[in-house]
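Given next are the chains, with one letter for each unit.
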Amino acid sequence: MAGGTVTRFAPSPTGLLHLGHAFSALTAATHGRFHLRIEDIDRERCKPEYETAIFEDLAWLGLDWPRPVMRQSDRLPAYRAALERLAPLSYPCRCRRGDIRAALSAPQESSLPAGPDGLIYPGTCRRRDLRDAGPDDVIRLDLDRAFDALGLGKIGFRDKGIMPDQDHVLTRAQFHEGIGDVILARRGMGTSYHLAVVVDDAAQGITLVTRGKDLFDSTFIHVLLQRLLDVPTPAYLHHRLIRDDAGKRLAKRDDARALRHYREEGATPADIRRMIGF
Ligand code: GLU
């Protein structure tokens, strides 16, 4: 275990933990002092029974973590403070998916340009004032104002897993093209995944973020938000994804792969470690 390294495992209680989560949690636990964080801002999809199952399954795997556990649904004031800080760089957006598709004039859904924050927003609402925000609006970051405020032409980070000797860089133009004006607060949520993760990693003093490769592109958003909020950028380690026999990435709906089903069938924690190559 690395000396002062602080890592985290941050599941959303929207389903049962599967082998991929076990891999992620064990990766975090072997690289540092590991915190558990419950990412439950999506109140419609998160369920208390899944949260209980997370605690039980991780304990069964032999993991332990500091209490109390941080829960994102308790952190809305911290997200509000971050949004206020970013207010000069943000705007309210009332566009729904259909409006965005029409503005992008894409012939079909499959040809819509999308990145780690969903559809690349064409900027229809960019000139709107935050004071005119309606209750059904989302809040977006204006990338131009953000990059201007930082005086930066690019955003980069290093990854301990992927090409560890090189910076991964997005220029301002690539950020526009591949990501767009990021959502800072979703409708009725008071935050977005990206904003909450950045605020919470900073609050928990995380020095190494370990997580799946599927979130690699999101890291550019997180590094940009860290710069804007003036919080440290942790080290990153994006790890391989655990796939099913057909090579498909495991999802929470794959209940057959849930840790507790293996356990019910008599598997031990050592069996699980072996199955995921730990
Ligand atoms: N809550 C996210 C998930 O369950 C993980 C977030 C992260 O590691 O940054 O996929």
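Reading the values: rules and limits
Numbers given for residues are sequential positions, taken from 1 along each chain in its written order. A pLDDT threshold of at least 70 governs which residues receive local features in this predicted model, and a stricter bar of 80 or more applies before side-chain atom pairs are shown or counted, although totals over entire chains, interfaces and linings include all residues. Side-chain figures throughout are based on the complete set of non-hydrogen atoms in the structure, without hydrogens or water. To qualify as a helix, a DSSP run of H or I must reach at least 4 residues; to qualify as a strand, a run of E must reach at least 2; elements of each kind are numbered from the N terminus. Radius of gyration: C-alpha atoms only; globule rule: 2.2 Å multiplied by the number of residues to the exponent 0.38. Accessible surface is estimated by sampling points in the Shrake-Rupley manner with a 1.4 Å probe; for residues, cover comes only from the protein chains shown. Only strands that DSSP links by at least two bridges are regarded as paired with each other. Here a residue-residue contact requires only that any non-hydrogen atoms of the pair lie within 4.5 Å. All axes are obtained by fitting lines to C-alpha atoms, using only the stretch in contact for helices, and the reported angles, taken between N-to-C directions, cover 0 to 180 degrees. Residues belong to one nonpolar core when they are buried, are Ala, Val, Leu, Ile, Met, Phe, Trp, Tyr or Cys, and are joined through side-chain atoms within 4.5 Å. For every residue, the accessible area obtained with a 1.4 Å probe (protein chains only) is divided by the maximum for its type, and the residue is called buried under 20%, exposed over 50%, and partly exposed between those limits. It suffices for a single heavy atom of a residue to lie within 4 Å of a molecule or strand for the residue to be listed as near it. Identification of polar contacts relies on pairs of N or O atoms within 3.5 Å, with a donor-acceptor requirement for protein atoms, meaning one able to donate a hydrogen and the other able to accept it, and with residues adjacent in sequence counted only if both atoms are side-chain atoms. In this analysis a 1.4 Å probe is tested at points of a 1 Å grid over the protein atoms alone, and where it fits but cannot get out there is a cavity; an open set with protein on both sides within 12 Å along at least five of seven lines is a pocket; lining residues have an atom within 4 Å of a point. Grid points are joined across faces, edges and corners, and a volume is the space filled by probe spheres set on the points. In this count, Pro and Cys sit with the nonpolar residues alongside Ala, Val, Leu, Ile, Met, Phe, Trp and Tyr, while Asp, Glu, Lys and Arg are called charged and the others, Gly among them, polar. When the centres of two rings from Phe, Tyr and Trp lie within 6.5 Å, Trp using its six-membered ring, the rings pair. Their planes under 30 degrees apart give stacked, over 60 give edge-to-face, and anything left gives tilted. Cation placement over rings: the criterion is NZ of Lys or CZ of Arg within 6 Å of the ring centroid and within 35° of the ring normal.

S.K.: What is the right way to look at the overall build of the protein chain in this model?
M.R.: Scanning the protein chain for helices and strands turns up ten helices and twelve strands. A compact globule built from 278 residues should have a C-alpha radius of gyration of about 19 Å, and the protein chain, at 19 Å, falls within 12% of that. Taking the principal axes of the C-alpha coordinates as reference, the protein chain spans close to 60 × 40 × 35 Å. Looking at the protein chain as shown, the accessible area adds up to about 13,400 Å², and 49% of this sits on carbon and sulfur atoms.

S.K.: What's the story with the sheet that holds strand S3 (residues 70–71) in this structure? I'm lost.
M.R.: Within a beta sheet, neighbouring strands are joined by backbone hydrogen bonds and run either parallel or antiparallel to one another. Within the open sheet, the three strands sit side by side as S1-S2-S3. Their pairing is parallel. Across the chains shown, the open sheet's two edge strands, defined by having one partner strand only, are strand S1 (6–9) and S3. Helix H2 (residues 48–60) rests against S1, strand S2 (33–38) and S3 of the sheet, and its axis sits at about 160° to S2.

S.K.: When you look at the nonpolar core in this model, what are you seeing that I'm missing?
M.R.: General note: in soluble globular proteins, nonpolar side chains tend to be found buried as a group. Membership of the largest hydrophobic core comes to 35 residues, with the highest contact counts inside it found for Leu-86, Leu-141, Phe-175, Phe-220, Leu-224, Leu-225 and Leu-228. Contributions of two or more residues to this core are made by helix H3 (76–85), strand S7 (138–141), helix H5 (143–150), strand S8 (154–158), strand S10 (183–185), helix H7 (193–203) and helix H8 (218–229). With seven residues, H8 is the single largest residue contributor to this core. Not counting the four nearest positions on each side in its chain, Phe-220 is found in contact with Ile-155, Phe-157, His-168, Val-169, Leu-170, Phe-175 and Ile-179. In terms of nonpolar packing, the next biggest core, distinct from the first, is built from 25 residues, Ala-28, Ala-29, Trp-60 and Ile-276 among them.

S.K.: How should the site of the ligand be read in this particular structure?
M.R.: Taken together, the neighbourhood of the ligand is formed by Arg-8, Ala-10, Pro-11, Ser-12, Glu-39, Tyr-193, Arg-211 and Leu-215. Here Ser-12 contributes a side-chain N or O atom positioned 3.3 Å from a nitrogen atom of the ligand. Between the ligand and Arg-211, the relevant distance is 2.8 Å, taken from an oxygen atom to a side-chain nitrogen or oxygen of the residue. Across the complex, the protein chains shield 77% of the 300 Å² of accessible surface that the ligand would expose by itself.

S.K.: Help me out: how do you make sense of the layout of surface pockets in this one?
M.R.: Empty space among the atoms becomes visible once a probe the size of a water molecule is rolled across them. Quantified by volume, the second largest pocket comes out at close to 290 Å³. Ile-100, Arg-140, Ile-183, Arg-186 and Arg-187 are the residues nearest the centre of the second largest pocket, which is lined by 13 residues in total. Elements represented by at least two residues in the lining of the second largest pocket include exactly helix H4 (97–104), strand S6 (118–119) and S7. In terms of residue class, the lining of the second largest pocket is made up of six nonpolar, one polar and six charged.

S.K.: Can you help me understand the side chain of Thr-219 in this one?
M.R.: For Thr-219, the position within the fold is in helix H8. Excluding residues within four positions of it along the chain, Thr-219 makes contact with Phe-157, Arg-211, Tyr-236 and His-238.

S.K.: Got a minute to help me understand the packing of aromatic side chains in this structure?
M.R.: Each aromatic ring pair is specified by the distance between its two centres and by the angle formed by the two planes. Tallied over the entire structure, the rule returns nine aromatic pairs. Both rings, one in Phe-157 and one in Phe-216, keep their centres 5.4 Å apart while their planes meet at 55°; by these two values the pair is tilted. Separated by 59 residues along the polypeptide, Phe-157 in strand S8 and Phe-216 in the loop between strand S11 (208–212) and H8 bring together distant segments of the chain. Each of the two residues, Phe-157 as well as Phe-216, counts as buried. Seen from the ring of Tyr-121, Arg-140 lies directly overhead, with NZ or CZ sitting 3.9 Å from the centre.

S.K.: Is there a simple way to explain the environment of Ala-78 in this structure?
M.R.: By secondary structure assignment, the location of Ala-78 is in helix H3. Assessed through its relative accessible area of 24%, Ala-78 is described here as partly exposed. Distance from Ala-78 to Val-199, taken between C-alpha atoms, is 7.4 Å for residues 121 residues apart in sequence.

S.K.: Honestly, the environment of Ile-276 in this entry has me stumped. Any pointers?
M.R.: Relative to the assigned elements, Ile-276 resides in the segment after helix H10 (269–275). Looking at Ile-276, the relative accessible area reads 3%, which means it is buried. Taking the C-alpha atoms as reference points, Ile-276 and His-21, 255 residues apart in sequence, are found 10 Å from one another. Excluding its chain neighbours within four sequence positions, the residues that come into contact with Ile-276 are Leu-19, Ala-22, Phe-23, Leu-26, Arg-240 and Ile-242.

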